[in-house]
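Tertiary structure, described
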Amino acid sequence: MVMKYFFINITICILSLFEGVIGDNLINVEEHKTYTDYVNPLIGTSNFGATNPGAISPRGTVSVSPFNVSGEKNTFEKDSGWLSTPYVNENSFLTGFSHINLSGVGCPDLGVILTMPTAGDLITNHLEYGSTYEEEKATAGYYTTTLKKYNIKVEATATTRVGISKYTFPKGKSNIIINLGLGLTNESGGSIKIVSPTEIEGIRNVGSFCYYKPEESYPVYFVAKFSKPSKDFGIWKNTADFNGLEKQWMPYNGKTRTYKNYYKEVIGDSIGAYMSYNFMEPTEIEVRVGISYVSIENAKNNLEKETNDLSFEKIHNQTKSKWNELLSRIDVEGGTKDDKTIFYTALYHTLIHPNILNDINGEYPKMKSRKTLKTKETRYTIFSFWDTYRNLHALMSLTYPKQQSDMVKSMLSIYDESGWLPKWELNSTETTTMVGDPAGIIIADTYLRGIKDYNIDKAYKAMIKSATQLDKNLLRPGIKEYSNKGFLTTASTKSGSVSITQEYNVADFAISQLAKELGMKKDESYFRNRSISYRLLFDKNLNLLRPKNNDGSWVTPFNPNTGANFQKNLGFIEGNSWQYTFMLTHDIKGLIKLMGGEEQYLKQLLNVFENDQFDMANEPDIVYPYLFNYIDGEEWRSQQKVSHLIKKYFSNKPEGLPGNDDTGTMSAWLIFSMMGIYPISPADPIYAVVIPSFDKITINLDNRYYKKNQLIIEKEGSGTIKELKINNKPHNGYFISHKELVDNENLKIILN
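Because the structure is predicted, anything quoted here is derived from the model rather than measured.

A closer look at the overall build of the protein
- From N to C terminus, the protein includes 19 helices and 39 strands.
- Relative to the 2.2 N^0.38 estimate, which gives 27 Å for 752 residues, the radius of gyration of the protein is 27 Å and therefore close to what a compact globule would have.
- A principal-axis box enclosing the C-alpha atoms of the protein has dimensions of 85 × 80 × 45 Å.
- Expressed as a percentage of contacts within the protein between residues at least 6 apart in sequence, the contacts between residues at least 24 apart total 69%.
- Total accessible area on the protein stands at roughly 29,300 Å², and carbon and sulfur atoms take up 49% of it.
- Once the 83 positive and 85 negative side-chain charges of the protein are each reduced to a mean point, those two points are 4 Å apart.

Below, the structure written as structure tokens:
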């Protein structure tokens, strides 16, 4: 793949009257940068952003991440608190490099198959062989650091299914450890086998995301190849500590057992393998770890096919080239270096999850049963839909429509395999995390944006099933009460009855929108009416939403402020009444009427911000800053608030995200906001317009899905928005449809 370079519109510096001269040729002093130069993977590794700086290829199955969340030497420790990431920037004690990781999620899982280089005598206890580190650097597709305890330089890169590490050892005794006992997952158990002095294979059990469904834990298979053979290798196993008579007869009771130069498989919870060396001079060794969710054979095939005889540098350059190609889909001009860095890092984060599940031969595990299936397409996984339905998939539809199409096809394959669309799917398991019925919202939104190369009839049937099946409905718990009353009460759930009602309303609105497009008039009318049933939970005395009891009475006592910061609340999930009341943007006019007109609506919306109820770190209210666009004369508030929130919560620092990235949702909010457009209503393809952060944004469109090759958004002047022009023709209002945007080539935002 050819690496693309571009010029970043940086002013040419002329110092005094100096000009660079070679012979008779003048040289302009201009900075040449690639898009990856503006990616800082350390953003989001603090402030509970839950991203990690590990090396990864776009949508990669594998990432090689530093693992620094084990041991009391760390500020944040995985077993002492709730941690959902293998890396925290504040920590300083590293115990290895994990090869299967999640980015920007709220629950612990994966973070397994750890490799660790050490020097000196072999030690298998990670709390003893762990090390502090320095000279840390991360870029797109590359990570490096130096282990201070051993003076070992570590470098890592990755292909889609293979993690490649290069260790530079000092002279003397050295070891490379594979620790299968350590991990972020709540599951344990695995097996390991040394195949040869240069190859180790094994299995690690993972699962129980958010501590749900332990009965559906599943294996990850790996093959590790070493560039130099070891003469001293083996397997270790920590033995359980028995009591009673057994203890008297077991000299290895509670101790570590080492199997030197051993070729048989060892099974257990706390196990690992090692390759030891004695170098006469400083030496480099590469370790390549292939991963599969199907078999060891497939892991080996992935490793061989994706890395072949390529050098570390060649693989790194190929991965960097892939990142540059995808990041180049959006080109920005103007703004500061930090503006470009937070923008392209956000775009980078949106290209991590969903990620590829299938092996290079097309095989992947079937939902639940894990029977091996095969696809000719790309099977995606890690669908955190409660988060991502709000903006990330609209971004994919605009900038990477082929990927979005394949994601929809993956969703339909999940429906074929399990009988249900996914809610929060992870590596062919349905975790059922969070609430609502979000998959259909994404499908409808994608279809209405003009991406239609999949079986929409099957999709529609799946959406109708989850919306109408009253018994054993896996996606919509409480569907009977919702169907009968129009809302959920405390009889159906002890947590989030209002939130769940609203989520079902959004899903019903999506069905009505798709039904309209498909000519299903009866369905359109039915689901459109059902999509506004949240109105029955509106308390006119509070001018806010409020939960009800089974008999229709209001839940009492009720504090609309309760629920923020994960407080328990009968009515709301991860939020309170303020943070949910304005969420349903498909019924803004209805809510304005309920509140008593635009003046009262504006007053309540301002109260959210002025009384510190707005939460930039969680999904239900992230659309709120754009809602002022619905009130004539108040649009300037959206422009002001969005610009303020970007500056307040996003920065080129490890703490540069407002909180958990939620598999790219917060990053997608930033990307749209910095481009000056935002998909304000899921399944209604329109954008609210605000002020872009850049002077010019060029979106290179995929002409397999769009008529035009480019969409250019330009900003002129300063201040607030005075006028919008589409292809130099005046455009009324502060909203623009997706179709109008992509069917034309230029949106000009003219400021006062």
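Examining the packing of helix α15 (residues 588–595) against helix α16 (residues 598–610)
- Following both chains from N to C, one finds α15 and α16 inclined at 95 degrees, their axes separated by 7 Å at the closest point. The orientation of α15 with respect to α16, classified from their angle, is roughly perpendicular. Together, Ile588, Leu591, Ile592 and Met595 of α15 and Glu598, Gln600, Tyr601 and Gln604 of α16 make up the contact between the two elements.
- Of the residues belonging to the contact of α15 with α16, the class tally is five nonpolar, two polar and one charged.

Description of helix α5 (residues 337–350)
- Between its terminal C-alpha atoms α5 stretches 20 Å, which fits the 20 Å expected from 14 residues at 1.5 Å a residue.
- Burial analysis of α5 places 11 of its 14 residues in the buried class, which makes it a mostly covered element.
- Within α5, the full set of buried residues consists of Lys340, Thr341, Ile342, Phe343, Tyr344, Thr345, Ala346, Leu347, Tyr348, His349 and Thr350.
- Where the residues of α5 are buried, they touch β5 (55–56), α4 (312–327), β22 (330–333), α7 (392–399) and α18 (665–675).

Things to note about the state of the cysteines
- Following the criterion strictly, the structure yields one disulfide and no others.
- In this model, Cys107 is linked to Cys210 through a disulfide, with the two sulfur atoms separated by 1.6 Å. Linking Cys107 and Cys210, the disulfide has an S-S dihedral of approximately 75 degrees and is accordingly described as right-handed. Pair noted here: Cys107 is in the loop between β7 (97–98) and β8 (114–119) and Cys210 is in the loop between β15 (199–206) and β16 (218–226), with a separation of 103 residues, a long-range link. Take Cys107 and Cys210: they sit in the same class, and that class is buried.

Considering the nonpolar core
- Among the nonpolar cores identified, the biggest contains 146 residues, and Ile443, Tyr601, Trp669 and Met675 are the most heavily contacted of them.
- Top contributing element to this core by residue count: helix α12 (residues 497–518), with 10 residues.

Regarding empty space enclosed by the protein
- This model, assessed by the stated rule, comprises six cavities of 30 Å³ or more.
- Roughly 160 Å³ of volume is contained in the largest cavity.
- Surrounding the largest cavity, 17 residues form its lining, Arg390, Met583, Thr585, Ile680 and Pro682 being those nearest its centre.
- Of all the elements in the fold, those that place two or more residues in the lining of the largest cavity are α12 and β32 (677–679).
- Among the residues making up the lining of the largest cavity, the classes are represented as 12 nonpolar, three polar and two charged.
- Put simply, the second largest cavity is a space of about 130 Å³.
- Together, 19 residues line the second largest cavity, and Ile56, Ser63, Asn101, Ile352 and His353 are the ones closest to its centre.

Some words on the layout of surface pockets
- Estimated volume of the second largest pocket: approximately 450 Å³.
- Taken together, 22 residues line the second largest pocket, and the ones lying closest to its centre are Arg59, Ile356, Thr378, Tyr380 and Gln403.
- Considering every element that reaches the lining of the second largest pocket, the biggest residue donor is helix α8 (residues 401–418), with four residues.

Some points on the pattern of salt bridges
- On inspection of all chains with the given rule, the structure shows 29 salt bridges.
- One salt bridge connects Arg379 with Glu417, and the closest N-O pair in it is separated by 2.7 Å. Here Arg379 is found in the loop between β25 (372–374) and β26 (380–381), whereas its partner Glu417 is found in helix α8, with 38 residues between them in sequence.
- The salt bridge partner of Lys452 is Glu517, with a shortest N-O separation of 3.5 Å. Placement of the pair is Lys452 in the loop between α9 (439–448) and α10 (456–468) and Glu517 in helix α12, with a sequence separation of 65 residues.

Section: the packing of α7 against α18
- One can describe the packing of α7 onto α18 by two numbers: an axis separation of 9 Å at closest approach and a directional angle of 55 degrees. Taken together, the axis directions place α7 and α18 in an arrangement best described as oblique. The way α7 lies across α18 gives a crossing that is left-handed. Of the residues in α18, those in contact with Leu392, Ala394, Leu395 and Leu398 of α7 are Thr665, Ala668, Ile671, Phe672 and Met675.
- Of the residues assigned to the contact of α7 with α18, the class counts are eight nonpolar, one polar and no charged.

So, α7
- Among the eight residues of α7, eight are classified as buried, and the element is accordingly described as predominantly covered.
- Inspection of α7 places Leu392, His393, Ala394, Leu395, Met396, Ser397, Leu398 and Thr399 among the buried residues, and these make up the whole buried set.

Structural notes on the packing of aromatic side chains
- One pass over the full model with this rule turns up 31 aromatic pairs.
- Ring centres 6.4 Å apart and planes at 40 degrees place the aromatic pair Tyr38 and Tyr344 in the tilted group. Placement of Tyr38 in the loop between β4 (32–33) and β5 and of Tyr344 in helix α5 is noted, with a sequence separation of 306 residues between them. For the pair shown, Tyr38 and Tyr344 are each scored as buried.

Concerning the side chain of Asn74
- Note on placement: Asn74 falls in the loop between β6 (63–66) and β7.
- For Asn74, the side chain forms a polar contact with the main-chain nitrogen of Ser92, separated by 3.2 Å.
- Leave out the neighbours within four places in its chain, and Asn74 touches Asn68, Val69, Asn91, Ser92 and Phe93.

Focus: the environment of Phe242
- Assignment of secondary structure puts Phe242 in the loop between β17 (232–238) and α2 (245–249).
- Judged by relative accessible area, Phe242 falls into the partly exposed class, the value being 33%.
- In the structure, Phe242 is positioned 190 residues away from Asn52 in sequence and 38 Å away in space, judged by C-alpha atoms.
- Apart from the residues lying within four places of it in its own chain, the contact partners of Phe242 are Lys247, Met250 and Asn253.

Some details on the sheet that holds β16
- The nine strands lie next to each other as β9-β10-β11-β12-β21-β16-β15-β14-β19, forming an open sheet whose pairing is antiparallel. With one partner strand each, in any of the chains shown, β9 (133–139) and β19 (266–268) form the two edges of the open sheet. Along the sheet, successive strands turn relative to each other by an average axial angle of 15 degrees, direction set aside.
- Here β9 runs beside strand β10 (residues 142–147); their pairing, made up of five bridges, is antiparallel. Within β10, the position partnered with Ala138 by the bridge is Tyr143.

Thoughts on unusual backbone geometry
- For the bond running from His353 to Pro354, omega is -5 degrees, close enough to zero to count as cis.
- Position of Pro354 relative to the elements: it lies in the loop between α5 and β23 (355–356).
- Omega for the bond connecting Thr556 with Pro557 falls within 30 degrees of zero, at -5 degrees, which places this linkage in the cis form.
- Within the fold, Pro557 resides in the loop between β31 (544–545) and α14 (577–581).

Regarding the sheet that holds strand β34 (residues 696–700)
- On the basis of which strands lie adjacent, the open sheet formed by six strands has the order β22-β34-β35-β39-β36-β37 and mixed pairing. Strand pairing shows two members of the sheet lacking a second neighbour, β22 and β37 (729–731), which therefore form its edges. Along the sheet, successive strands turn relative to each other by an average axial angle of 20 degrees, direction set aside.
- The pairing of β22 with β34 spans four bridges and is antiparallel. Its bridge partner lying in β34, Asp331 is registered against Thr698.

Calculation notes
- Residues numbered from 1 in each chain as written.
- Predicted model: local features only at pLDDT ≥ 70, side-chain atom pairs only at ≥ 80, totals over all residues.
- Heavy atoms only, no water.
- Helix = DSSP H or I, 4+ residues; strand = E, 2+ residues; numbered from the N terminus.
- Rg over C-alpha atoms; globule rule 2.2 N^0.38 Å.
- Contact = heavy atoms within 4.5 Å.
- Areas by Shrake-Rupley, 256 points an atom, 1.4 Å probe, with all protein chains shown as cover.
- Lys, Arg positive; Asp, Glu negative; His and termini not counted.
- Charge placed at Lys NZ, Arg CZ, Asp CG, Glu CD.
- Axes fitted to C-alpha atoms, helices over the stretch in contact; angles between N-to-C directions.
- Parallel < 35°, antiparallel > 145°, perpendicular 65-115°, else oblique.
- Nonpolar A, V, L, I, M, F, W, Y, C, P; charged D, E, K, R; others polar.
- Expected span 1.5 Å × (residues − 1).
- Buried < 20%, exposed > 50% of the residue type's maximum accessible area, 1.4 Å probe, protein only.
- Disulfide = S-S within 2.5 Å.
- Core = buried A, V, L, I, M, F, W, Y, C linked by side-chain atoms within 4.5 Å.
- 1 Å grid on protein atoms, 1.4 Å probe; cavity = no way out; pocket = protein on both sides within 12 Å on 5 of 7 lines; lining within 4 Å.
- Points joined across faces, edges and corners; volume = space filled by probe spheres on them.
- Salt bridge = Lys/Arg side-chain N within 4 Å of Asp/Glu carboxyl O.
- Left-handed = near helix turned anticlockwise from the far one by under 90°.
- Phe/Tyr/Trp six-rings, centres within 6.5 Å; stacked < 30°, edge-to-face > 60°.
- Polar contact = N/O pair within 3.5 Å; in protein donor to acceptor, adjacent residues only side chain to side chain.
- Pairing = 2+ DSSP bridges.

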